[in-house]
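# Topology and contacts: notes
One-letter residues, chain by chain:
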Amino acid sequence: MAADSKTPTFIHLRAHSAYSLAEGALHIKQMAMLAKEAGMPALAITDSGNLFGALEFSEALADRGLQPIIGCSLRVETRAASADATAKAQLHPKKLPPLVLLAKDETGYRNLMKLSSRAYLQTPESELPHVTWEMLQELSAGLICLSGGPDGPIEEALLQGQGPLARQLVERLKGLFGDRFYVELQRHGTEAERAAEAGLVDLAYELEVPLVATNQVYFARPDDYAAHDALICIAEGQVVSAEDRRRVTPEHYFKSQQEMAALFADIPEAIENTVEIARRCAYIVKGHAPILPRFRAGDEAEDLRRQARE
């Protein structure tokens with residue numbers, strides 16, 4: 001049955017704000033405006049490694065009558081949980097691939113805050129912030145997990161010719177999250193995406209894991225690509241003309257529902273599942289009064305002196 005103009009067909013689940021420091025180029029209010037103009041009743045923020053924009057994002061979307069979905073892209077030691085000794089030997093903390101976690105409810109948001117905090121507080125200074133598999137096991141309640149797209153551990157394993165490892169990772173993540181785990185497909189036109197897609201689809205169908213189509217949004221329009229490319233160069237101390245540097249593509253913009261539906265016309269369930277995920281997420285971050293430390297009556301000045309000396 002054809003959908004009417006008010007029925008959403010696709011919702012972005014991988015939008016990066018300017019809080020994805022030196023990576024995203026979208027301001028929070030701009031994200032809310034883009035979602036409203038696109039007729040999307042919800043939008044997810046999935047900044048890299050932090051939740052800095054969660055409250056501002058929730059308020060901005062709620063002001064426009066939209067459902068905010070709070071998420072985060074976190075590096076996870078998925079391979080460290082593998083029984084494969086070869087996989088463990090190849091683990092390099094600076095190359096840990098990310099998973100995407102979306103808060104389904106208040107429990108999920110609280111767990112996401114804990115995971116994000118632990119990634120920074122419990123990681124050695126010589127490594128990039130990340131969480132261990134054990135942390136993820138402990139704090140998985142209330143979270144929906146997306147496989148991470150081209151940067152994620154499953155696609156990485158497939159591209160390295162490690163099919164058994166990719167399968168094992170899907171099984172482990174499905175075992176942990178159950179029906180809250182989705183295999184992510186992205187089509188920005190890169191060779192890596194094309195090379196891994198068939199393997200991802202086969203694993204998803206074989207292991208009965210739902211597929212979801214996402215588009216990593218870093219900027220609003222294709223015309224913004226050059227400016228965003230310069231932003232990446234500044235962040236990494238590179239020049240635009242350098243060959244061996246990080247790049248995204250002009251396709252990493254805020255695509256419309258119609259554009260995404262056309263892009264994944266051959267796998268319609270992957271588009272439909274974006275709406276299903278949005279419906280499963282029903283939590284809005286709300287502000288509260290500052291939580292200040294408690295001092296013994298009359299001892300605030302002395303406590304401050306003691307802490308300063310220490």
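Below is a summary of the structure that appears in this document. (Residues numbered from 1 in each chain as written. Predicted model: local features only at pLDDT ≥ 70, side-chain atom pairs only at ≥ 80, totals over all residues. Heavy atoms only, no water.)

### Let's talk about the environment of Ile284
Going by this rule: Secondary structure elements follow DSSP: runs of H or I no shorter than four residues count as helices, runs of E no shorter than two count as strands, and numbering proceeds from the N terminus.
Within the element layout of this structure, Ile284 appears in the loop between helix H11 (268-280) and helix H12 (300-309). Along the primary structure Ile284 and Glu155 are separated by 129 residues, whereas in three dimensions their C-alpha atoms are 31 Å apart.

### Some words on the packing of aromatic side chains
Here is the rule we go by: The pairing test for Phe, Tyr and Trp rings, Trp by its six-membered ring, is centres within 6.5 Å, and the orientation test on the planes gives stacked under 30 degrees, edge-to-face over 60, and tilted for anything in between. Classification of residues uses two cut-offs on accessible area relative to the type maximum, computed with a 1.4 Å probe and protein chains only: under 20% is buried, over 50% is exposed, and between them is partly exposed.
The final tally for this structure, using the stated rule, is two aromatic pairs. Taking 5.4 Å as the distance between ring centres and 35° as the angle between the ring planes, the aromatic pair formed by Tyr109 and Tyr283 counts as tilted. Note that Tyr109 is positioned in helix H4 (residues 106-121) and Tyr283 in the loop between H11 and H12, a separation of 174 residues in sequence. Classification of Tyr109 by relative accessible area gives buried; the value is 9%.

### Looking at the pattern of salt bridges
Stated precisely, the cut-off is as follows: Within this document, salt bridges are pairs made up of a side-chain nitrogen of Lys or Arg and a carboxyl oxygen of Asp or Glu, the two lying within 4 Å of each other.
Applying the stated criterion across every chain, the model contains 16 salt bridges. Across the pair Glu106 and Arg110 runs a salt bridge whose closest N-O atoms are separated by 3.0 Å. Here Glu106 pairs with Arg110, and both are found in helix H4, just four residues apart, close to one helical turn. Between Glu138 and Arg118 there is a salt bridge, with its nearest N and O atoms 3.0 Å apart. Remark: Arg118 occurs in helix H4 and Glu138 occurs in helix H5 (residues 133-138); sequence separation between them is 20 residues. You can call Glu138 exposed: its relative accessible area is 52%. In the salt-bridge network here, residues are joined through shared partners; they are Arg167, Glu171 and Glu206.

### A word on the environment of Leu165
Following the sequence through the fold, Leu165 ends up in helix H7 (residues 163-177). Judged by its relative accessible area of 3%, Leu165 is buried. Once the C-alpha coordinates of Leu165 and Pro153 are considered, the two residues, 12 residues apart in sequence, prove to be 9.4 Å apart.

### Considering the sheet that holds strand S1 (residues 42-48)
Whenever strands of a sheet pair, they do so through backbone hydrogen bonds, lying parallel or antiparallel. The line we're drawing: Two strands pair under a simple rule: DSSP has to find at least two bridges between them. Between the N-to-C directions of two axes lies an angle of 0 to 180 degrees, each axis being a line fitted to C-alpha atoms and, for a helix, fitted only over the stretch in contact. Any two residues whose heavy atoms approach within 4.5 Å are treated as being in contact.
Strand order across the open sheet formed by six strands is S1-S2-S3-S4-S5-S6, with mixed pairing between neighbours. Only two strands of the sheet have a single partner each, and these edge strands are S1 and strand S6 (211-214). Taking the axes of each pair of neighbouring strands and ignoring which way they run, one obtains an average angle of 30° across the sheet. Across seven bridges, the pairing between S1 and strand S2 (residues 67-75) is parallel. The residue of S2 that forms the bridge with Ser48 is Ser73. Relative to the sheet, helix H2 (residues 54-63) contacts S1 and S2, its axis offset from that of S2 by approximately 155°.

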